[in-house]
Amino acid sequence: MALTLYVDTARWRAHHKHVQDQFPGLVPVCKGNGYGFGHERLAEEATRLGSDVLAVGTTYEAARIKDWFGGDLLVLTPYRRGEEPVPLPDRVIRSVSSIDGVYGLVGARVVIEVMSSMKRHGISEQDLPQLHAAIENVRLEGFAIHLPLDRTDGSDAVEEVIGWMDRLRAARLPLHTMFVSHLKAEDLARLQQQFPQTRFRARIGTRLWLGDHEATEYRGAVLDVTRVAKGDRFGYRQQKAASDGFLVVVAGGTSHGVGLEAPKALHGVMPRAKGVARAGLATVNRNLSPFVWGGKQRWFAEPPHMQVSILFVPSDAPEPKVGEELVAHLRHTTTQFDRIVDR
């Protein structure tokens, strides 16, 4: 019995096509755990979409995925001198975010990242005069800009891209292709209209693979159910049951990513209050699990184990049966399933 990712395949693929239609020249992104689907599956889906380029996170991911995808592979992590060399085919394109990086990739295919308001990495406006000499010994595939998701200062993403287009043009650098991230479809169309000689290519991962929340669902199989009375001791730490109910052992533990959570950016009073409340409950060993039974998310009876979780279901709820499955609200990018089922 397993933690299973169920996929409404027709609906999922229809969403892919919808996104592709909105973003001509789309570059699918497959990095990390493959957005919960795995590299092999997303390489297959990118091929199905007819993509000529697939973006990956690292050179190690490129080395793994090269046998599953026949087009070009764009490595998003910028090249740094001294990094461990990884054997890669010529169809791999490296991102570069410094003049030194460009000089370190003689003969290679490169995309040069410019510094955006993300302030993560990228060449600066002051670097542009040095780029002419630097790009003579590389095969320049284009420039790229990685934009923030939120713009709390009210600034315009399109204007930020236009600003960089004007700087690159003023520096007389080739502008045949610009890779962009986190733009709306109407933003991309606006840029394409203003700069018809440049091909804008949107690198998209989350919106493409995870944009239709109803197309996928995690479920954990019930492995065992044990009735307990108030005060009964149970589990590794021999805690006492707070009331009558059931201890439900369900597939899905820390090795699957259950109980693991990426930090969230909280905005507003209510989300912050809920965060404080959750933290307070955790100090008395009250942690809400991602598993749903009887229409409610159920509490962990104790911290999740490596491959299973033990939940407490009170006696006023229906008794789960071995073999039934519980829906699990899990984050795709931190979850590893046992199996995937297309339906």
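Basis of the calculations
Residues numbered from 1 in each chain as written. Predicted model: local features only at pLDDT ≥ 70, side-chain atom pairs only at ≥ 80, totals over all residues. Heavy atoms only, no water. Helix = DSSP H or I, 4+ residues; strand = E, 2+ residues; numbered from the N terminus. Buried < 20%, exposed > 50% of the residue type's maximum accessible area, 1.4 Å probe, protein only. Contact = heavy atoms within 4.5 Å. Lys, Arg positive; Asp, Glu negative; His and termini not counted. Charge placed at Lys NZ, Arg CZ, Asp CG, Glu CD. Phe/Tyr/Trp six-rings, centres within 6.5 Å; stacked < 30°, edge-to-face > 60°. Lys NZ or Arg CZ within 6 Å of the ring centre and 35° of its normal. Pairing = 2+ DSSP bridges. Axes fitted to C-alpha atoms, helices over the stretch in contact; angles between N-to-C directions. Parallel < 35°, antiparallel > 145°, perpendicular 65-115°, else oblique. Left-handed = near helix turned anticlockwise from the far one by under 90°. Nonpolar A, V, L, I, M, F, W, Y, C, P; charged D, E, K, R; others polar. 1 Å grid on protein atoms, 1.4 Å probe; cavity = no way out; pocket = protein on both sides within 12 Å on 5 of 7 lines; lining within 4 Å. Points joined across faces, edges and corners; volume = space filled by probe spheres on them. Right-handed = clockwise from strand over helix to strand, strands pointing away.

Chemist: Could you give an account of the overall build of the protein chain, with specific residues and numbers?
Modeler: For the protein chain, the helix and strand inventory stands at nine helices and 18 strands. Dimensions of the protein chain, computed from the C-alpha atoms along their principal axes, are close to 75 × 45 × 40 Å. In the protein chain, buried positions account for 47% of the 343 residues. Pairs at least 24 apart in sequence give 67% of the contacts found in the protein chain among residues at least 6 apart. Of the side-chain charges in the protein chain, 43 are positive and 40 negative, and the distance between the mean point of each set is 3 Å.

Chemist: How would you summarise the packing of aromatic side chains if you had to cite specific residues and measurements?
Modeler: The final tally for this structure, using the stated rule, is three aromatic pairs. With a centroid separation of 6.3 Å and 55° between ring planes, the pair formed by Phe195 and Phe200 is classed as tilted. Residue Phe200 is classed as buried on the basis of its relative accessible area of 2%. One aromatic cluster is present, formed by Trp12, Phe37 and Trp209 through successive ring pairs. Above the ring of Trp164, the side-chain terminus of Arg167 is found at 4.9 Å from the ring centroid.

Chemist: Any details on the pairing of strand E1 (residues 3–7)? Residues and values, ideally.
Modeler: Counting buried positions over the five residues of E1 gives five, a clear majority of the element. Side-chain alternation along E1 places Leu3, Leu5 and Val7 on one buried face and Thr4 and Tyr6 on a second face that is also buried. Direction of pairing for E1 relative to strand E10 (residues 216–228): antiparallel, over a ladder of five bridges. By the bridge assignment, Thr4 is partnered in E10 with Arg219. Pairing of E1 with strand E18 (residues 339–342) involves four bridges; the strand directions are parallel. In the sheet register, Thr4 faces E18, and the bridge partner there is Arg339.

Chemist: Quick one: what's the story with the packing of helix H1 (residues 9–22) against helix H2 (residues 39–48), residue by residue and with numbers?
Modeler: Remark: H1 packs on H2, axes separated minimally by 11 Å, with the N-to-C direction vectors making an angle of 60°. Judged by the angle between their axes, H1 and H2 are oblique. Classified by chirality, the crossing of H2 by H1 is right-handed. Of the residues in H2, those touching H1 at Thr9, Trp12, Arg13 and His16 are Arg41, Leu42, Glu44, Glu45 and Arg48. Of the residues that constitute the contact of H1 with H2, the class distribution is two nonpolar, two polar and five charged.

Chemist: With reference to specific residues and values, describe empty space enclosed by the protein.
Modeler: Empty space left among the atoms is revealed by rolling a probe the size of a water molecule over them. Tallied over the entire structure, the rule returns one cavity of 30 Å³ or more. If you trace the largest cavity, you find it lined by Glu113, Val114, Met115, Ser116, Met118, Lys119, Arg120, His121 and His146.

Chemist: Describe in detail the pairing of strand E3 (residues 53–56), supporting the description with residues and values.
Modeler: Here E3 shows a buried face lined by Val53 and Ala55 and a second buried face lined by Leu54 and Val56. Bridge count for E3 against strand E4 (residues 72–75) is four bridges, and the pairing is parallel. The residue of E4 that forms the bridge with Ala55 is Leu74. The β-α-β motif built from E3, the intervening helix H3 (residues 59–65) and the parallel element E4 has right-handed crossover chirality.

As far as function goes, none of this settles anything; it's purely spatial.
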